[in-house]
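Residue-level listing of the chains:
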Amino acid sequence: LSWGLVSEVVPLAELHDRVQQLAAHIAANAPVAVQLAKSIMQQGSTASASLAMETLAGALAASTEDGQEGVRSFREKRKPEYRGR
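Residues numbered from 1 in each chain as written. Predicted model: local features only at pLDDT ≥ 70, side-chain atom pairs only at ≥ 80, totals over all residues. Heavy atoms only, no water.

Asker: Tell me what's going on with the overall build of the protein, and back it up with residues and numbers.
Answerer: A tally of regular secondary structure across the protein gives four helices and zero strands. N-terminal to C-terminal, the α/β element order of the protein is α-α-α-α. At 19 Å, the protein has a C-alpha radius of gyration far larger than the 12 Å of a compact globule built from 85 residues. Overall size of the protein, expressed as C-alpha extent along the three principal axes, is 60 × 30 × 20 Å. Look at the contacts in the protein between residues 6 or more apart in sequence, and 3% of them connect residues 24 or more apart. Entry remark: accessible area of the protein is about 7,200 Å², with carbon and sulfur atoms responsible for 61%. Computing the positive centroid from 9 side-chain charges and the negative centroid from 9, the protein places the two 10 Å apart. (Helix = DSSP H or I, 4+ residues; strand = E, 2+ residues; numbered from the N terminus. Rg over C-alpha atoms; globule rule 2.2 N^0.38 Å. Contact = heavy atoms within 4.5 Å. Areas by Shrake-Rupley, 256 points an atom, 1.4 Å probe, with all protein chains shown as cover. Lys, Arg positive; Asp, Glu negative; His and termini not counted. Charge placed at Lys NZ, Arg CZ, Asp CG, Glu CD.)

Listed below in structure tokens is the structure:
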């Protein structure tokens, strides 16, 4: 803690409860934001910053109306109708 490597230290007997509190706090946030943060953290230790940014951009693009239209049109085997949203 004093070196700045962790932000909190709890006694072992309180660990499970604290983990549950933190998990509930994280889960209360916007699901897409949590998913993106998890993805960046998972890749951060193994990938370059450019790959993490590419993943983030792809996730953001997929969450747009055009991204959803792309998936729908693929499933329906038709040409997509993008609207820039």
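Here the narrative resumes.
Asker: Tell me what's going on with the confidence of the model for the protein, and back it up with residues and numbers.
Answerer: Averaged over all residues, the pLDDT of the protein equals 84, while 95% of them reach at least 70. When pLDDT is averaged over each helix and strand of the protein, the minimum, 75, is found for helix H2 (residues 31-44) and the maximum, 94, for helix H1 (residues 12-27). (pLDDT = per-residue confidence, 0-100.)

Asker: Could you give an account of the side chain of Ser73, naming the residues involved and the relevant values?
Answerer: Here Ser73 is to be found in helix H4 (residues 65-75). Looking at Ser73, the relative accessible area reads 3%, which means it is buried. (Buried < 20%, exposed > 50% of the residue type's maximum accessible area, 1.4 Å probe, protein only.)

Asker: Give me the lowdown on the side chain of Glu69, citing residues and values where you can.
Answerer: With respect to the helices and strands, Glu69 occurs in helix H4. Within the local environment of Glu69, its side chain forms a polar contact with the backbone nitrogen of Glu81, the two atoms lying 3.0 Å apart. Dropping the residues within four chain positions of it, Glu69 is found in contact with Arg78, Lys79, Pro80, Glu81 and Tyr82. (Polar contact = N/O pair within 3.5 Å; in protein donor to acceptor, adjacent residues only side chain to side chain.)

Asker: Describe in detail the pattern of salt bridges, supporting the description with residues and values.
Answerer: Enumeration over the complete set of coordinates arrives at six salt bridges. For the salt bridge of Glu65 with Arg85, the shortest nitrogen-to-oxygen distance reads 3.6 Å. One end of the pair, Glu65, is in helix H4; the other, Arg85, is in the segment after H4, and 20 residues separate them in sequence. Here Arg78 ties to Glu76 by a salt bridge, and the two come within 2.6 Å at their closest N and O atoms. On the basis of relative accessible area, Arg78 is assigned to the partly exposed category, the value being 30%. When its relative accessible area of 47% is taken as the criterion, Glu76 is described as partly exposed. Overlapping salt bridges, with partners in common, bring together Glu69, Arg72, Glu76 and Arg78 in one network. (Salt bridge = Lys/Arg side-chain N within 4 Å of Asp/Glu carboxyl O.)

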